[in-house]
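Analysis of the macromolecular model
Now for the letters of each chain:
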Amino acid sequence: MELEMAAEELKSVLNRLRRAQGQIAGIIKMIEDGRDCEDVITQLAAVSRALDRAGFAIIATGLQHCMADGEQAGGDREQMRARLEKLFLSLA
C-alpha cells in the first residue's frame, strides 16, 4: 500500500512528526541532565501521543484511498479491510 496523501494532509503529518522529533531530542537531553523522572515520563507520554496521531492520520488517509482504489479496481474489500485493521491495531 503506497503512501498517497494530499499535500495539506502530508504537511500536517510531517509537522507533527517534526515536533515529535524535537520532543525526543528534548527527552534525551532531560535524561542526560538528570531531570526528574516524572518530567521525563510526562514528555514521553506527549511524544507517544503525537506519534500515534500521526499514525492514525496516515491510516485514515490510507483508508480513504484504499477503499476508493479497491472499489475502482473491483478489489477484495475483505482483504483490504484486514490489512487496514492490522495497521490500525499496530498503533493501539
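Right above here is the structure, for reference.
Our subject in this report is the structure included herewith. (Residues numbered from 1 in each chain as written. Predicted model: local features only at pLDDT ≥ 70, side-chain atom pairs only at ≥ 80, totals over all residues. Heavy atoms only, no water.)

Thoughts on helix α1 (residues 7-32)
Its 26 residues give α1 an end-to-end C-alpha distance of 37 Å, which sits within 8% of 38 Å, the value for a rise of 1.5 Å per residue. Considered for burial, the residues of α1 that qualify are V13, A20, I27 and M30. Of the residues flanking the end of α1, it is G34, one or two places downstream, whose phi is positive at about 75 degrees. (Helix = DSSP H or I, 4+ residues; strand = E, 2+ residues; numbered from the N terminus. Expected span 1.5 Å × (residues − 1). Buried < 20%, exposed > 50% of the residue type's maximum accessible area, 1.4 Å probe, protein only.)

Quick word on the pattern of salt bridges
One pass over the full model with this rule turns up 2 salt bridges. Among the salt bridges present, the one from K29 reaches D33, with a minimum N-O distance of 3.0 Å. Overall, the relative accessible area of 48% leaves K29 in the partly exposed class. Relative accessible area serves as the criterion here: at 49%, D33 is assigned to the partly exposed category. In this structure, the salt-bridge partner of R35 is D39, at a minimum N-O distance of 3.7 Å. (Salt bridge = Lys/Arg side-chain N within 4 Å of Asp/Glu carboxyl O.)

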